[in-house]
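Coordinate analysis (summary)
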Amino acid sequence: MVLKLEALQPPGSFKIRGIGAACEQYAREGKKRFISSSGGNAGIAAAYAGKHLDVPVTVVVPETTSSRAIEVLELYDAEVVVHGPSWAEADEHARSLLDSTTAYIHPFDDPLLWSGYATMIDEVAQSGIRPDNIVLSVGGGGLLCGVFEGVQRNGWTDVNITAVETIGASSLEQSVRAGKQVELAAIDSIASSLGAKKVSEEAFLGAQRHNVDCIAVTDLEAVKACRRFLTDHRVLVEPACGAALAWAYKDDSMRLRNQTTLIIVCGGATTTPSQLLRWEQSLEEAER
Ligand SMILES: *Cc1c(COP(=O)(O)O)cnc(C)c1O
């Protein structure tokens with residue numbers, strides 16, 4: 001197995017590759033402000049990009065956002081507006097603040113993001129590695145679309161893609177099974193970065209065109225994988241990333257040991273070791 005470490009960027013995840021590229025483009029088009037509704041890594045990447053481009057950033061987040069996330073956003077001088085009980089209300093409020101000089105930074109459904117994410121596949125190709133299988137986590141499918149673009153432009157047409165979600169956030173898996181885009185009634189997972197009720201149309205269509213296996217793991221498997229990865233590699237990631245790692249740690253993934261598997265370690269900026277431990281304990285409690 002080969003790890004693509006996307007957890008070490010200053011804003012903590014691969015998101016800066018795409019959100020950073022999008023923010024650069026919107027700044028070139030003359031936008032004077034960025035607005036995001038993500039209290040997670042997308043918002044953090046937008047805040048980081050805005051700070052470096054000297055463009056003010058507003059991030060509207062729901063009341064459920066952790067104080068740790070708000071702290072990280074403010075570290076990059078973003079204006080944080082707390083609004084509404086869930087992401088839907090925060091997002092609606094964010095969109096109501098848009099005007100002609102403000103760019104809305106979508107957390108996953110923007111081709112500028114996908115082109116940015118595809119650069120991670122370019123880097124793997126440039127390093128001389130040609131995987132048979134690429135394992136990644138899927139939320140709204142932005143990273144997945146980036147991987148599609150990356151494998152396409154590097155001519156890796158026969159590579160297998162393993163798309164991992166948590167069971168309570170498996171919008172891609174359920175859509176692929178149903179043969180149409182499914183919208184989940186609710187998200188039931190601690191992997192908040194995977195909490196898109198519906199994946200983008202491009203991600204859904206891409207999953208029909210490419211060799212994609214959809215896998216769903218439990219929250220507990222994802223958290224345990226984060227803790228094990230921290231011990232094994234001394235890199236802290238969040239449960240959304242732990243979902244892909246859980247696949248790698250599953251015994252039956254050993255059947256692929258003769259293949260080259262690339263695991264995208266997509267990172268996460270807001271998790272702490274003590275939080276991982278608390279999640280693991282309460283999830284184990286709930287299983288008993
Ligand atoms: C954004 C994110 C994801 C999911 O990405 P999508 O593009 O929404 O599919 C997974 N893990 C982490 C750590 C993320 O930040």
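Residues numbered from 1 in each chain as written. Predicted model: local features only at pLDDT ≥ 70, side-chain atom pairs only at ≥ 80, totals over all residues. Heavy atoms only, no water.

1. Quick look at the pairing of strand E4 (residues 79–82)
Where strand E3 (residues 57–61) meets E4, four bridges bridge the pair, whose relative direction is parallel. Opposite valine 59, over in E4, you have valine 80 as the bridge partner. Note that the unit made of E3, helix H3 (residues 67–75) and E4 has a crossover that is right-handed. (Pairing = 2+ DSSP bridges. Helix = DSSP H or I, 4+ residues; strand = E, 2+ residues; numbered from the N terminus. Right-handed = clockwise from strand over helix to strand, strands pointing away.)

2. Re the environment of valine 135
Topologically, valine 135 is positioned in strand E6 (residues 133–137). Setting aside residues no more than four positions away along its own chain, valine 135 makes contact with Thr162, Val164, Ala244, Trp247, Thr261, Leu262, Ile263 and Ile264. (Contact = heavy atoms within 4.5 Å.)

3. Brief notes about the packing of aromatic side chains
We describe a pair of aromatic rings using the distance from one ring centre to the other and the angle between the two ring planes. Here the structure, examined in full by the defined rule, presents two aromatic pairs. Here phenylalanine 14 and tyrosine 117 contribute two aromatic rings whose centre-to-centre distance is 4.8 Å and whose plane-to-plane angle is 70 degrees, an arrangement assigned as edge-to-face. Of this pair, phenylalanine 14 sits in the loop between strand E1 (2–5) and helix H1 (15–28) while tyrosine 117 sits in helix H5 (residues 111–126), placing them 103 residues apart in sequence. In terms of burial, phenylalanine 14 and tyrosine 117 fall into one category: buried. (Phe/Tyr/Trp six-rings, centres within 6.5 Å; stacked < 30°, edge-to-face > 60°. Buried < 20%, exposed > 50% of the residue type's maximum accessible area, 1.4 Å probe, protein only.)

4. Quick look at the site of the ligand
For the ligand, the set of nearby residues contains 16 residues, the closest of which are Lys15, Asn41, Gly139, Gly141 and Gly142. Between the ligand and the protein, one listed contact pairs an oxygen atom with a backbone N or O atom of glycine 140 at 2.9 Å. The backbone of glycine 141 places a nitrogen or oxygen atom 2.8 Å from an oxygen atom of the ligand. Notes on the ligand: free accessible area 380 Å², of which the protein chains cover 97%. Grouping the amino acids of the shell around the ligand by side-chain chemistry returns seven nonpolar, seven polar and two charged. (Near = heavy atom within 4 Å. Polar contact = N/O pair within 3.5 Å; in protein donor to acceptor, adjacent residues only side chain to side chain. Areas by Shrake-Rupley, 256 points an atom, 1.4 Å probe, with all protein chains shown as cover. Nonpolar A, V, L, I, M, F, W, Y, C, P; charged D, E, K, R; others polar.)

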